[in-house]
Amino acid sequence: MFEEFCLPYDKRQHDKIHEIDPNIAISYHTCGGMMKLLDLIPQNGCDFSETLSPTGCGGDIRDGIDEVIVKEKMGSKVKLMGGFNQIQVLTLGSKEDIYKDVERTFNGYGKNGGFIMMASDHFFHAPKENLIHYANAAKEICKY
């Protein structure tokens with residue numbers, strides 16, 4: 001269904017945007033379900049693929065398993081962004097949980113660049129302290 005209906009439309013739209021201004025970076029949001037689309041997403045002409053949602057956020061990327069697959073299949077074709085669990089970790093987790101998930105996310109997607117660390121979705125309900133822990137963890141762990 002994606003290949004037949006979404007891909008041709010998205011490709012035309014992305015090509016037109018890049019024709020208007022090649023400096024516009026297009027982010028393609030898959031709402032978490034992307035493992036079956038890893039070969040197709042880069043074909044639509046986007047510059048970034050996100051949300052890289054882990055299963056704990058309703059996505060289909062298994063923690064500590066699928067990040068490397070996503071990076072290998074798509075990382076040389078499009079940049080990646082997202083992947084951090086904003087529900088169980090950022091909103092409900094401890095400082096240690098946050099550091100561990102930043103490390104998981106960065107080690108899975110961030111090797112050799114082409115990755116923007118961010119929550120897979122909104123973080124409206126995250127406590128301020130957890131946002132501070134997240135920022136500090138990202139500063140410490142995500143060094144190139």
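Just above sits the structure.
Just so we're clear, the structure is a prediction, and the values are computed from it rather than from any experiment.

Conventions used here
- Residues numbered from 1 in each chain as written.
- Predicted model: local features only at pLDDT ≥ 70, side-chain atom pairs only at ≥ 80, totals over all residues.
- Heavy atoms only, no water.
- Helix = DSSP H or I, 4+ residues; strand = E, 2+ residues; numbered from the N terminus.
- Rg over C-alpha atoms; globule rule 2.2 N^0.38 Å.
- Buried < 20%, exposed > 50% of the residue type's maximum accessible area, 1.4 Å probe, protein only.
- Contact = heavy atoms within 4.5 Å.
- Areas by Shrake-Rupley, 256 points an atom, 1.4 Å probe, with all protein chains shown as cover.
- Lys, Arg positive; Asp, Glu negative; His and termini not counted.
- Charge placed at Lys NZ, Arg CZ, Asp CG, Glu CD.
- Core = buried A, V, L, I, M, F, W, Y, C linked by side-chain atoms within 4.5 Å.

Draft legend 1. Summary view of the overall build of the chain. Looking only at helices and strands, the chain features five helices and four strands. For the chain, the N- to C-terminal ordering of α and β elements is α-β-β-α-β-α-α-β-α. Over its C-alpha trace the chain gives a radius of gyration of 16 Å, about what one expects of a compact globule, namely 15 Å for 144 residues. Principal axes of the C-alpha set define a box for the chain whose edges measure 45 × 30 × 30 Å. Residue burial in the chain is summarised as follows: out of 144 residues, 45% are buried. For the chain, contacts bridging at least 24 residues in sequence account for 66% of all contacts bridging at least 6. Surface accessibility of the chain: about 8100 Å² in total, with carbon and sulfur atoms responsible for 56%. Where the 16 positive side-chain charges of the chain centre and where its 21 negative ones centre are 4 Å apart.

Draft legend 2. How the structure looks around the nonpolar core. Residues Leu52, Leu80 and Val102 are the most contacted members of the largest nonpolar core, which totals 32 residues. Broken down by element, this core gets its largest block of residues, five residues, from helix H4 (residues 95-110).

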